[in-house]
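Geometric and topological summary
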Amino acid sequence: MSHLTKAASKFLPSEWRQANQEHYGNANAELSRSERLIAASKRLVEESDKAVQRMQQDVNKRLEQRIQDIRFWRQELNLSLENMVLEVEALLTLRTRLERALAGCSEPLDVTLQCLAERENRVGIDLVHDEVEKELKKQKEVIESVSALLQRTLEQTTEQIRLNRSMKYWLEKDLRDKFQAEQIDDHCCILSRSSHRNLRSGFSVFWEWEFFSEQNVRKAEREKNNSASLRALAESLLEQTGSDLRHMQLAVEAALERRVQETKAAKQLLEDRLYKVLEEIGSLEMSMATLRAAIADKRAPLSVAQARLEVRGRRPHVELCQDDAQVQLRTEVRELSSHVQRMSETLSLSEAELQALTRRQLDLEEEIQVKAHSLYVDEVVCTRLWQSVVIHAF
């Protein structure tokens, strides 16, 4: 308290008035600044309110526009997804048909190979590279080519189904994201100014967002077009496969029928010839029997004539002359010997011819058996095998 007891220094009245004037001036300046600050704050608040209102209106407008964009892309994605689902279902049906067509080629191929193997059992001259064999080998090549093409198309279809399902997954994911984004933006539209939400980091730029959905739609359209092209190709292939198999079956059956008729005609000609050969053998044997009998019949008169000549050759002396009886006996012996010789030669020729006819008979009988075996292979085995094949529409 010692400083309170000290005597204070004295100021002049002018200093007092000046000090008061400074306090008034400072107070007025502060009041003026405060008033200006209050006015500025009021203007700032009003401007801020207007700016916030304007920005909220702008944001709401942009949110609405964004929601419209999202809805547009959702429609596009939904349409692409529906098309993709239809394409997947169509390709699954197509794959089943391709598998059935591929399995349907096995029976004709097995029958073709079996017929080729059976026809290898033909013997002799009938083991010929005929029209039936050409058609069967052509059928084999066609079926193998078609099977390879069907297998390749089936693999392409399976791959396209995988691509379509992958595209379907991305479309569904994009749709889920769009649906969630639309819900969030709808919610944002109704948020009050006092609402607070934490924003996630990692935002995408608008063009990236739009490009992402546009790319999905574009990819889906490309896969849909690829699927449509593949289905058109496969449909054409299935139709052509059925047509080719039916055409080849008819061609093989027609070739078999013609070959059977040719073989039957050839067999009939051989049988006719065999019948005539057998008749000729019978006639020749009868002729030979007649010749033998005739030779036997001529031997007795020849022996008598030869005996007479021998006896008359014992006539004595001048009686051993060439009289008419002697001349006639010699003529008789000569002519009878000539007849017997010619008939013996003819008999020898007949025997040789009989042997030749017998060999021809055996050849004909063997060839008829060959034709009968060929008929069994073509008419019974191969024809029945092909009759059991049914070519379905794939």
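Here is what the cut-offs are and how they apply
- In this convention, every chain numbers its residues from 1, walking through the sequence in written order.
- It should be noted that, the model being predicted, local features are given only for residues of pLDDT at least 70 and side-chain atom pairs only at 80 or more, the latter also being counted only at that level, while totals for whole chains, interfaces and linings use all residues.
- For side-chain calculations, the full set of non-hydrogen atoms in the structure is used, while hydrogens and water are omitted.
- Where helices and strands are cited, they refer to DSSP runs of H or I of at least four residues and of E of at least two residues respectively, numbered from the N terminus.
- Radius of gyration here is computed from C-alpha atoms only, and the compact-globule reference equals 2.2 Å multiplied by the residue count raised to the power 0.38.
- Contact definition: two residues touch when any of their heavy atoms are within 4.5 Å.
- Under the convention used here, a 1.4 Å probe and the Shrake-Rupley method define accessible areas, while residue burial counts only the protein chains that appear.
- A positive count includes Lys and Arg, and a negative count includes Asp and Glu. His and the chain ends are not counted in either.
- Lysine's charge is taken at NZ, arginine's at CZ, aspartate's at CG and glutamate's at CD.
- Axis lines are fitted to C-alpha atoms, over the contacting stretch for helices. Their N-to-C directions set the angle, which ranges from 0 to 180 degrees.
- These descriptions rest on fixed angle ranges, namely under 35 degrees for roughly parallel, over 145 for roughly antiparallel, 65 to 115 for roughly perpendicular, and the rest for oblique.
- For a crossing to be left-handed, the near helix must be turned anticlockwise from the far one by less than a right angle; the clockwise case is right-handed.
- Note on residue classes: Ala, Val, Leu, Ile, Met, Phe, Trp, Tyr, Cys and Pro are nonpolar, Asp, Glu, Lys and Arg are charged, and everything else, Gly too, is polar.
- The salt bridge criterion pairs a side-chain nitrogen of Lys or Arg with a carboxyl oxygen of Asp or Glu, the two atoms within 4 Å.
- Relative accessibility decides the category of a residue: with a 1.4 Å probe and only protein chains considered, values under 20% of the type maximum give buried, values over 50% give exposed, and everything between is partly exposed.
- Pairing of aromatic rings covers Phe, Tyr and the six-membered ring of Trp, with a centre-to-centre limit of 6.5 Å; geometry is then stacked below 30 degrees between planes, edge-to-face above 60, and tilted otherwise.
- Throughout this description, a polar contact denotes any pair of N or O atoms lying within 3.5 Å of each other; where both atoms belong to protein, one of them has to be capable of donating a hydrogen while the other can accept it, and for residues adjacent in sequence the pair is counted only when both atoms sit in side chains.
- Cysteine sulfur atoms that come within 2.5 Å of each other are treated as a disulfide pair.
- UniProt positions are given in the numbering used here, feature names are shortened, and annotations may be inferred rather than shown by experiment.
- Note: pLDDT gives the predictor's confidence per residue, expressed from 0 to 100.

Turning next to the overall build of the protein chain. Looking only at helices and strands, one finds six helices and zero strands in the protein chain. Scanning the protein chain from its N terminus toward the C terminus, one meets helices and strands in the order α-α-α-α-α-α. Taken over the C-alpha trace, the protein chain has a radius of gyration of 62 Å; the compact-globule value for 394 residues is 21 Å, which it surpasses by more than 25%. Seen through its C-alpha atoms, the protein chain measures out along the principal axes to roughly 235 × 40 × 30 Å. When contacts within the protein chain are restricted to residue pairs at least 6 apart in sequence, long-range pairs at least 24 apart make up 90% of them. For the protein chain, the accessible surface area stands at approximately 26,300 Å², while carbon and sulfur atoms represent 55% of it. Counting 59 positive and 66 negative side-chain charges, the protein chain places the averaged centre of each group 8 Å from the other.

It is at 10 Å that the axes of helix α3 (residues 106-119) and helix α4 (residues 131-189) come closest, and there the two elements cross at 150°. In terms of axis orientation, α3 runs roughly antiparallel to α4. Judged by the twist between their axes, the crossing of α3 over α4 is left-handed. Two secondary-structure elements touch here, α3 through P108, L109, T112, L113, C115, L116 and R119 and α4 through V132, E133, L136, K137, Q139, K140, I143 and E144. Considering only residue class, the contact of α3 with α4 consists of eight nonpolar, two polar and five charged.

Attention now goes to the pattern of salt bridges. Pairing is possible between side chains of opposite charge, provided their charged atoms come close. Per the counting criterion, the structure on display carries 23 salt bridges. For the salt bridge of R119 with D378, the shortest nitrogen-to-oxygen distance reads 2.8 Å. Of this pair, R119 sits in helix α3 while D378 sits in helix α6 (residues 324-387); the two residues are 259 residues apart in sequence, bridging distant segments of the chain. Taken individually, R119 and D378 each receive the classification buried, so the pair is uniform in this respect. Between E367 and K371 there is a salt bridge, with its nearest N and O atoms 2.5 Å apart. With E367 and K371 both in helix α6 and four residues apart, the pair spans about one turn of that helix. For K371, a relative accessible area of 8% translates into the label buried. Three or more residues joined by partner-sharing salt bridges are found here, namely R119, R122, D130, E133, K137, R259, E262 and D378.

Further remarks concern the packing of aromatic side chains. In total, this model carries two aromatic pairs according to the counting rule given. Summarising the aromatic geometry, the rings of F72 and W73 are spaced 5.2 Å apart at their centres and angled 70° between planes, so their arrangement reads as edge-to-face. Judged by its relative accessible area of 39%, F72 falls in the partly exposed class. Here Y169 and W170 contribute two aromatic rings whose centre-to-centre distance is 5.2 Å and whose plane-to-plane angle is 75°, an arrangement assigned as edge-to-face.

As a further point, take the side chain of D126. Position of D126 relative to the elements: it lies in the loop between α3 and α4. We classify D126 as buried; its relative accessible area is 6%. A distance of 2.6 Å separates the side chain of D126 from the side chain of S374, its partner in a polar contact. Residues in contact with D126, not counting those within four places in the same chain, are T263, E367, V370, K371 and S374.

Let us look at the packing of α3 against α6. Two elements in contact, α3 and α6, have axes whose closest approach is 9 Å; the angle formed by their N-to-C orientations is 170°. Considering the angle they form, α3 stands roughly antiparallel to α6. Counted together, P108, V111, T112, Q114, C115, E118 and R119 of α3 and V377, D378, V381, C382, L385 and W386 of α6 form the full contact between these two elements. Taken together, the residues of the contact of α3 with α6 break down into eight nonpolar, two polar and three charged.

Right, let's get into the state of the cysteines. Taken as a whole and assessed by the stated rule, the structure comprises zero disulfides. Of the cysteine sulfurs around C105, a residue in no disulfide, the closest is that of C115, at 16 Å. By relative accessible area, which is 1% here, C105 ends up buried. Take C382: it sits in no disulfide, and the sulfur closest to it among the cysteines is that of C115, at 3.6 Å.

Okay, the UniProt feature "coiled-coil region" (unreviewed entry) in the protein chain next. In the numbering adopted here, UniProt assigns the feature "coiled-coil region" (unreviewed entry) to residues 220-273 and 340-367. Split by type, residues 340-367 is 100% helix and 0% strand. Its first and last C-alpha atoms lie 40 Å apart.

As for its placement among the helices and strands, Q114 is situated in helix α3. For the pair Q114 and L385, spaced 271 residues apart in sequence, the C-alpha separation works out to 8.7 Å.

Once that is clear, we can look at the confidence of the model for the protein chain. This prediction gives the protein chain a mean pLDDT of 83; 90% of its residues lie at or above 70. Per-element mean pLDDT across the protein chain ranges from 49 in helix α1 (residues 2-5) up to 89 in α3. Confidence drops under pLDDT 50 across residues 198-202; counting only partners more than four residues distant or on other chains, this segment forms zero contacts.

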